[in-house]
Amino acid sequence: MDRFVIAGGRPLCGAVKVQGAKNSALPSIAACILTGEPVRLRNIPKLTDIDVMRSILHSLGAECEWEGDDLVISAERINDCVIPENLMREMRSSIILLGPLLARAGRVVASYPGGYAIGSRPIDLHLKGLRALGVQIEDEGRGLLRAHAETLRGADIHLSMPSVGATENIMMAATLATGETIIRNAAMEPEIVDLQNFLNAMGAGISGAGTDCLSIRGVTRLHGAEYAIIPDRIVAGTYLLGAVMTRGHVTVFPAPPDQLEPLLAKLREMGALVVLDGSGVTAVGRGRPKALDSVKTSPFPGFPTDLQAPLLAALCLADGTSVLTETVFESRFKHVDELNRLGASIKVAGRSAVIRGVDRLTGALVSASDLRAGAALTLAGLAAQGITVVEQVHHIGRGYASLVEDLRTLGAAIERI
Ligand code: UD1
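### Topic: the domain arrangement of the protein chain
Consideration 1: What the domain assignment lists for the protein chain is domain 1 (3-19 + 231-416) and domain 2 (22-228).
Consideration 2: Between domain 1 and domain 2, the C-alpha centre-to-centre distance is 30 Å.
Consideration 3: Facing 23 residues of domain 1, the contacting portion of domain 2 comprises 21 residues.
Consideration 4: For the pair domain 1 and domain 2, the summed buried area comes to about 1,900 Å², and 49% of that belongs to carbon and sulfur atoms.

Here it is in structure tokens:
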């Protein structure tokens, strides 16, 4: 198993280009099933989750090939509507194939999706939304779902919580439904806006993304398109937090500030200088970060749950005691014990972590339980005195295409062994 070896204590300084957003790339690739014409998606990050999605498309009969950083996808033929169980279990996002497959082929057989154990992560909102569009779903027990629909009909759907994946699934299915679909209490994440823009570039009739109410006017067909996805705000945010923790200065580009604002507000409260220019964002760490007395993760425009672990790592070194509450996923504090091994002082009570800032972390052997935990431990290792070894770093390749290279560009002493 690969591990990172980090000689900590050096400030991160410099500029890095931000990869395309994983959470835009995955639904966009799934959306290509909605048309038989070729699509070119630009700026797709080379991640293991993208490989899983490509394998699923191949198994359905579609082509999905790299040309540099572009993926060229042709779903002219869809020979099969069975999503292989091993691939479905590897990645929770595979559930977003249900909507496009039902809209294009009228049926799908899939198992319940996998993913990290960061909460129970049910799919009830996906299934409820698809049923409202006229999909018949049989849950065969043993985790197998069979779904089919003669035709999809527009519907008025209220989500009991603004699930990102359910909003995307319903949006994609509704593009080819008859009539209009309304999704209320929809997710408002920037990746939803990106998916709307991509689907509209393919000929869909969607409006409202970025608000909590989406309208999808069904069309009879979608066509090919060429589309560049947005930069990854979580990767950008990870590097900005790294600058603040190591008391360095990092510029990330391209990085739309409005998509990063929930983090930038916290960086300012921590005492960092945040500079915005047309295409990038710079964070400058100014001495020891200040503690944050109450941060809660919540759906956009709240503080993103995917940056909770990296923020928690940064708060370990803050002056004072911080309280960080996770409201989106119920068991997303697996990084806490590992951070404590580095000398942090964190206690978890229910959904909140209480972090008493220490003035130094010390290198140790730690293990990444998942993608964002891995990023957090890497940041902590960069800020710690001495050598930190992070094990199980294969998780990190699910979301960061070039973490080691990027950190080295910023002056870090990190090696993958
Ligand atoms: C997406 C992101 C993930 C991010 C999450 C929250 C992708 C590929 N992944 O995941 O990185 O952490 O949004 O911003 O875009 N829920 C239900 N029933 C459902 C669906 C969700 O109860 O049918 C609950 C979940 O258990 C969770 C909450 O809703 O507690 C949010 O989940 P959701 O927004 O659906 O996350 P994902 O789309 O899985």
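### Some words on the sheet that holds strand β12 (residues 213-217)
Consideration 1: In spatial order, the strands read β9-β10-β12-β11; together these 4 strands make up an open sheet with mixed pairing. The outermost strands of the open sheet, each flanked by one partner alone, are β9 (156-158) and β11 (205-207). The sheet shows a mean angle of 15° between the axes of neighbouring strands, direction not considered.
Consideration 2: Here β9 runs beside strand β10 (residues 180-184); their pairing, made up of 3 bridges, is parallel. Residue pairing across strands places I157 opposite I183, the latter belonging to β10.

### Examining the environment of P45
Consideration 1: As for its placement among the helices and strands, P45 is situated in the loop between β3 (39-42) and α2 (48-60).
Consideration 2: Here P45 falls in the buried class, since its relative accessible area comes to 4%.
Consideration 3: Separated by 27 residues in the primary sequence, P45 and V18 have C-alpha atoms spaced 9.7 Å apart.
Consideration 4: The contacts of P45, once residues within four sequence positions are left out, are Q19, G20, A21, K22, A25, I50, W66, I229 and A401.

### With respect to the site of the ligand
Consideration 1: Around the ligand there are 18 residues in total, and D124, L125, S163, D306 and V328 lie nearest to it.
Consideration 2: Within the backbone of L125, an N or O atom sits 2.7 Å from an oxygen atom of the ligand.
Consideration 3: S163 has a polar side-chain atom sitting 2.6 Å from an oxygen atom of the ligand.
Consideration 4: Its free accessible area being 740 Å², the ligand has 88% of it covered by the protein chains.
Consideration 5: For the shell around the ligand, the leading source of residues is helix α5 (residues 124-132), giving 3 residues.
Consideration 6: Residues that form the shell around the ligand fall into these classes: 7 nonpolar, 6 polar and 5 charged.
Consideration 7: Shared between two domains, the shell around the ligand takes at least three residues from each, and those domains are domain 1 (3-19 + 231-416) and domain 2 (22-228).

### Let's talk about the pairing of strand β15 (residues 273-276)
Consideration 1: In this structure, β15 lies alongside strand β16 (residues 281-284), joined through 4 bridges in antiparallel fashion. Its bridge partner lying in β16, V275 is registered against T282.

### Digging into the packing of helix α8 (residues 233-246) against helix α12 (residues 371-383)
Consideration 1: Closest axis-to-axis distance for the α8/α12 pair is 9 Å, and the angle between their directions is 25°. It follows that α8 is roughly parallel to α12 by the angle criterion. Regarding α8 and α12, the two cross each other, and that crossing is right-handed. Of α12, the residues touching α8 (which contributes I234, T238, L241, G242, M245 and T246) are R372, A375, L379, A380, L382 and A383.
Consideration 2: Of the residues contributing to the contact of α8 with α12, the split by class is 8 nonpolar, 3 polar and 1 charged.

### Things to note about the packing of helix α1 (residues 22-31) against helix α7 (residues 190-201)
Consideration 1: Viewed as axis vectors pointing N to C, α1 and α7 meet at an angle of 30°, and their least axial separation amounts to 9 Å. On the basis of the axis angle, α1 is roughly parallel to α7. As for the relative orientation of α1 and α7, their crossing is right-handed in sense. Between α1 and α7, the contacting residues are N23, S24, P27, S28 and A31 on the first element and E191, D194, L195, F198 and L199 on the second.

### Thoughts on the packing of aromatic side chains
Consideration 1: Evaluation of the coordinates by the stated rule reveals 1 aromatic pair.
Consideration 2: The ring of W66 carries the charged tip of K46 above its face, separated from the ring centre by 4.6 Å.

Conventions used here
Residues numbered from 1 in each chain as written. Predicted model: local features only at pLDDT ≥ 70, side-chain atom pairs only at ≥ 80, totals over all residues. Heavy atoms only, no water. Domains from an automatic or database assignment. Contact = heavy atoms within 4.5 Å. Buried area = accessible area lost by both parts, 1.4 Å probe. Pairing = 2+ DSSP bridges. Helix = DSSP H or I, 4+ residues; strand = E, 2+ residues; numbered from the N terminus. Axes fitted to C-alpha atoms, helices over the stretch in contact; angles between N-to-C directions. Buried < 20%, exposed > 50% of the residue type's maximum accessible area, 1.4 Å probe, protein only. Near = heavy atom within 4 Å. Polar contact = N/O pair within 3.5 Å; in protein donor to acceptor, adjacent residues only side chain to side chain. Areas by Shrake-Rupley, 256 points an atom, 1.4 Å probe, with all protein chains shown as cover. Nonpolar A, V, L, I, M, F, W, Y, C, P; charged D, E, K, R; others polar. Parallel < 35°, antiparallel > 145°, perpendicular 65-115°, else oblique. Left-handed = near helix turned anticlockwise from the far one by under 90°. Phe/Tyr/Trp six-rings, centres within 6.5 Å; stacked < 30°, edge-to-face > 60°. Lys NZ or Arg CZ within 6 Å of the ring centre and 35° of its normal.

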